[in-house]
Amino acid sequence: MAPVASKKTHTSTQSDLFGVALDVATPQPAAKRIARVQLEGSAAMELDYAIPDELADKVVVGSRVTVPLQNRRTNAVVLELPRESAHSGRLKEIASLIGARPMFTPGLIKLARWIGEYYLVAPHQVLRTMLPQAVREKPGSFVTDSHLSLVKDPTAEAFEKLQHKAPMQARVIEVLRSFKGQATLSQIRQDVPRAATVLKALLKAGWITRSEVRVERDPFQDEEFLPSQPLTLTEEQKAAHTRIVAAVESGEKTKPILLHGITGSGKTEVYLQSIARVLELGGTALVLVPEISLTPQTIERFKARFSGRHERIAVLHSHLSDGERHDEWFKIHEGRADIVIGARSAIFAPLERLGIIIVDEEHEPSFKQDETPRYHARDLAVVRGAIESCVILLGSATPSLESFENASTGKYELIKLTQRTDGKTLPLIRIVDMRMERRKGTGVSVVNAGILSEKLRAAVTSRLEKKEQTILFLNRRGFNTSLSCLSCGETVQCQDCSIPMTLHKHENRLVCHVCGSRRLPPSKCPSCHEPGLKFAGFGTERVEAVVREVFPQARIARVDTDTIQRKNQLRDLLRDFRAQKLDILIGTQMIAKGLDFPNVTLVGVLNADLALNLPDFRAAERTLQLLVQVAGRAGRGEIKGEVVVQTYAPHSPAVQFSRHNDFEGFAQQELEQRRAFHYPPFSHVVILASRGKHQARAEFALQTLHRRLVVDLPEEVIMGEPAPCALAKSHGQFRYQLLLRTPKIRPLCRHIQTVMQATTLPEDVIVTWDVDPVSLL
């Protein structure tokens, strides 16, 4: 029986390779090269295959290939080209090569192995994540168009005859002339809808030639970017730029650099000028930006600065269509992009000659993937930088405490920007104690409903009189955030999630912000059937209604996922705001970061406490980061800014330290508490979570794992008890979690992997694990 492709074996002997001793007098065929591949399908194995002669010079590490597996064919990725295999001479051959170029760079293959080991993920899942779905399923599915060239321009006499005899043909020639003799059929059809019907005659007459060309589905093809010039750097910016460029020019492995700069200190300008030097040296640049900060304004800054090569900038994010994502990825893959800007998945962009990786707003939790593989893009940037020997630049006004501690202990290099550019000052931050407002009765009128304090209302009025602009921030959507019964006290909750439903008044529906289910507001209590129901709380929709009533003369817009539905709607709205066609912008965290509006002189934070009391050890850190980032939107022009923060916990350290923009003071206090209780950055955290439709089974599964993990648990591991998650039910499934902390992550991960492999769990229970989670909810 002919042997199938062999499973990977790490050791072999001469007899294993050849079976019997060779007769040296007998001529032997040249041994075929071997490829060790990772199957992409459900049979996630590493297998050895022979490389056929016709593909010997084409199959390399990172190539995507088709291989025979039993009675079918499947796709695979080449991981390495070993010199020998335990089954040489009996290997099946690779069937075909997918694409002319390898789909993964050698650096990405190394990164994939690291991710699999660190995050306890099967290699085929990592490789699957690295390729966008549109590229994985339909590689090379480009759109083509007919390119027309006017090769023989008719004389005036000939053209006049053509106009009388065949006016549509003459019109096509006129349009081609307007495009200087070169145009696509799609361009001509805009003026001559039936142009395709006359091409045959024009081709036969020899007036034009026709060829098929690839058409890029460019998400910014209709945009015009006015060139911008490098700005004069401040002394702090110069020092930062000089150090970064020195690291780039050294070409050696360097420590990751943490650029800790206050809001408005010009971090983006440092990024731009550092990238310019990388491009001069023939390198490429990767810029990671939180998805929520990847605004049109952010992209415009890069496109405008590198306007001479803006077509060599690729953008990767979740709002692209499949076709746009496919073409942007191949633009990078084919070496036609020098700069890549994107959200967390852009860390897998197949860039070569990487000179710098920049992670802007590195503290953002959105850099963490919330499904398998649960990687953190910032951490992968550091690892990829080490693999590719390029500079890693992490930037933030409020760094994560993990990065700040790494910089404090010398693991990272710390560069500070402590002053705003052009001598601008930080905004004045005023704290409003909403408890006192309620006692005075100044913020609880029927119209206001405790949403706008008297101080904030007066500040907005003043800005409207001065023709200045205001941003009001509330990180909560909807009109009312809960509906309760006045008789029994029950709150109307989602049937599938343990969370109150939110009223969205414009559609008259209660909406669950976890699973998205919708229902009509009940007229009676679902529990006691009494009619007395009361709405409470407020979201951005209600804020908009109140602000429109209090300031009827103001031009107002709201930015949240309820209002931003169509493509480019956010871009158009922000342009109107920049052009001062709007006076007040109300929004969630979509407007908290990455925006620069010189005429915004007031920012109002309507409820600073939303994240402060969450059952998460990072709650205070998240609150301070958000407050500082939102406050940074004010006073970026010539006029000093003001920030009004409304809170029911004015003495909270997060509120007080943000008021004085004292991140280091907050970090020192918070780090002392983290060290005392063995939380990051002084330990690693792993969360084991179970979920299922049957509550008892989900709980039992985690209790079983807990009992087995106790046996041979590595030293210094602190393991808690299985407990319901803060969000105890989601999407109809009950959720439990087990928290483990350890100073050494590798031994714990190996132990978890061993226990998981030896444990049989109920079929209807799903168990997941998250290494270095950013949320405990």
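Data block above holds the structure.
Definitions and cut-offs
- All chains use their own residue numbering, which begins from 1 and follows the written sequence.
- Residues qualify for local features only when their pLDDT is at least 70, as the model is predicted, and side-chain atom pairs are given and counted only at 80 or more; totals for whole chains, interfaces and linings, by contrast, use all residues.
- With hydrogens and water set aside, each side-chain value is computed from the structure's full complement of heavy atoms.
- Should DSSP find at least two bridges between two strands, the strands are taken to pair.
- Secondary structure counts use DSSP, requiring at least four H or I residues in a row for a helix and at least two E residues in a row for a strand, with both numbered from the N terminus.
- Between Lys or Arg on one side and Asp or Glu on the other, a salt bridge is scored when a side-chain nitrogen of the former is within 4 Å of a carboxyl oxygen of the latter.
- Exposed residues in this analysis have more than 50% of their type's maximum accessible area, buried residues have under 20%, and partly exposed residues fall in between, with area computed by a 1.4 Å probe over protein chains only.
- Between the N-to-C directions of two axes lies an angle of 0 to 180 degrees, each axis being a line fitted to C-alpha atoms and, for a helix, fitted only over the stretch in contact.
- An angle below 35 degrees is treated as roughly parallel, one above 145 as roughly antiparallel, one from 65 to 115 as roughly perpendicular, and anything else as oblique.
- Pairs of residues are marked as contacts when any of their non-hydrogen atoms sit within 4.5 Å.
- By the convention adopted, Pro, Cys, Tyr, Trp, Phe, Met, Ile, Leu, Val and Ala count as nonpolar, Lys, Arg, Asp and Glu as charged, and the other residues, Gly among them, as polar.
- Stacked, tilted and edge-to-face pairs are distinguished by plane angle, under 30 degrees for stacked and over 60 for edge-to-face with tilted covering the rest, among Phe, Tyr and Trp rings (Trp via its six-membered ring) whose centres lie within 6.5 Å.
- Take the buried Ala, Val, Leu, Ile, Met, Phe, Trp, Tyr and Cys residues and link them wherever side-chain atoms come within 4.5 Å; each set so joined is a nonpolar core.
- For this analysis, a polar contact is any N or O atom pair within 3.5 Å, provided that within protein one partner can donate a hydrogen and the other can accept it, and provided that sequence-adjacent residues contribute only side-chain to side-chain pairs.

**Student:** How should I be thinking about the sheet that holds strand 20 (residues 502-504) in this particular structure?
**Tutor:** Strand pairing within a sheet occurs via backbone hydrogen bonds; the two strands may be parallel or antiparallel. Read across the sheet, three strands follow the order 20-21-22 without closing on themselves; strand pairing throughout is antiparallel. In this open sheet, the two strands that pair with only one neighbour each are strand 20 and strand 22 (518-519). Pairing of strand 20 with strand 21 (residues 509-511), which is carried by three bridges, proceeds in the antiparallel orientation. Across the sheet, the residue bridging to His-504 is Arg-509, located in strand 21.

**Student:** Can you walk me through the pattern of salt bridges in this structure?
**Tutor:** Close approach of charged atoms allows side chains with opposite charge to pair. Per the stated rule, a full pass over the model turns up 42 salt bridges. A salt bridge links Glu-402 to Arg-618, with the nearest nitrogen and oxygen atoms 2.8 Å apart. Of this pair, Glu-402 sits in helix 14 (residues 401-408) while Arg-618 sits in the loop between strand 26 (600-605) and helix 19 (619-631), and the two are 216 residues apart along the sequence. Judged by its relative accessible area of 17%, Glu-402 falls in the buried class.

**Student:** What am I meant to see in the packing of helix 19 against helix 21 (residues 663-676) here?
**Tutor:** In helix packing, the relevant descriptors are the interaxial angle and the interaxial distance, both defined with respect to the helix axes. Between helix 19 and helix 21, whose axes approach to 11 Å, the crossing angle comes to 170°. One finds that helix 19 runs roughly antiparallel with respect to helix 21. On helix 21, the residues that touch Ala-620, Glu-621 and Leu-624 of helix 19 are Phe-663, Phe-666, Glu-670 and Arg-674. Along the lines of polarity and charge, the residues of the contact of helix 19 with helix 21 split into four nonpolar, no polar and three charged.

**Student:** Which parts of the structure should I look at to understand unusual backbone geometry?
**Tutor:** Trans peptide bonds make up the majority, and among non-glycine residues the majority have a negative phi. With an omega of -5°, the peptide bond between Thr-372 and Pro-373 qualifies as cis. Along the chain, the position of Pro-373 falls in the loop between strand 14 (354-360) and helix 13 (377-388). With an omega of 15°, the peptide bond running from Pro-680 to Pro-681 counts as cis. Residue placement: Pro-681 occurs in the loop between helix 21 and strand 28 (684-692). The backbone of Asn-508 shows a phi angle near 50°, a positive value even though the residue is not glycine. Take Asn-508: it is sitting in the loop between strand 20 and strand 21. Looking at Asn-508, the relative accessible area reads 42%, which means it is partly exposed. Residue Asn-661 is not a glycine yet carries a positive backbone phi of 50°. By secondary structure assignment, the location of Asn-661 is in the loop between helix 20 (653-659) and helix 21.

**Student:** What is the right way to read the packing of aromatic side chains from this model?
**Tutor:** Summed over all chains, the structure comprises nine aromatic pairs. Look at Phe-348 and Tyr-375: their rings are 5.2 Å apart centre to centre, the planes differ by 70°, and that puts the pair in the edge-to-face class. Within this pair, whereas Phe-348 is found in the loop between strand 13 (339-342) and strand 14, its partner Tyr-375 is found in the loop between strand 14 and helix 13, the two being separated by 27 residues in sequence. On the basis of relative accessible area, Phe-348 is assigned to the buried category, the value being 3%. With 6.2 Å between their ring centres and 70° between their planes, Phe-657 and Phe-666 make a pair best called edge-to-face.

**Student:** So what exactly am I meant to see when it comes to the sheet that holds strand 14 here?
**Tutor:** Pairing is parallel in the open sheet, where seven strands are placed in the order 12-13-11-14-15-10-16. Where the open sheet ends on each side, the last strands, each with one partner, are strand 12 (313-316) and strand 16 (413-417). The sheet shows a mean angle of 15° between the axes of neighbouring strands, taken without regard to direction. Packed on one face of the sheet, helix 9 (residues 235-250) meets strand 10 (257-261), strand 14, strand 15 (391-396) and strand 16 and runs near 150° to strand 16.

**Student:** Just to check I follow, could you spell out the nonpolar core for this structure?
**Tutor:** As a rule of thumb, nonpolar side chains are buried together in soluble globular proteins. Within the largest apolar cluster, 69 residues are counted, with the highest numbers of intra-cluster contacts made by Phe-104, Met-130, Leu-286, Leu-288 and Val-340. Those residues within four positions of Phe-104 in sequence are excluded, and the remaining contacts are Val-61, Gly-62, Val-77, Ile-109, Leu-127, Met-130 and Leu-131. Membership of the second largest hydrophobic core comes to 29 residues, among which are Ile-471, Phe-473, Ile-591 and Phe-597.

**Student:** Explain the side chain of His-376 here, please?
**Tutor:** Along the chain, His-376 falls in the loop between strand 14 and helix 13. The class for His-376 is buried, based on a relative accessible area of 4%. Contact partners of His-376, with chain neighbours within four places excluded, come to Tyr-119, Glu-364, Phe-367, Lys-368 and Val-774.

**Student:** Whenever I open this one, the side chain of Gln-625 confuses me. Can you help?
**Tutor:** Within the secondary structure layout, Gln-625 lies in helix 19. Of note is the side chain of Gln-625, whose polar atom sits 3.4 Å from the backbone oxygen of Thr-398. In this structure, Gln-625 is in contact with His-363, Thr-398, Pro-399 and Ser-400, ignoring residues within four places of it in sequence.

**Student:** Could you clarify how one ought to interpret the environment of Leu-233 in this entry?
**Tutor:** On the secondary structure map, Leu-233 appears in the loop between strand 9 (208-215) and helix 9. Separated by 189 residues in the primary sequence, Leu-233 and Asp-422 place their C-alpha atoms 9.3 Å from one another. With sequence-adjacent residues up to four places away left out, Leu-233 is seen in contact with Lys-238, His-241, Glu-269 and Gln-273.

Coordinates in, geometry out; function isn't part of it.
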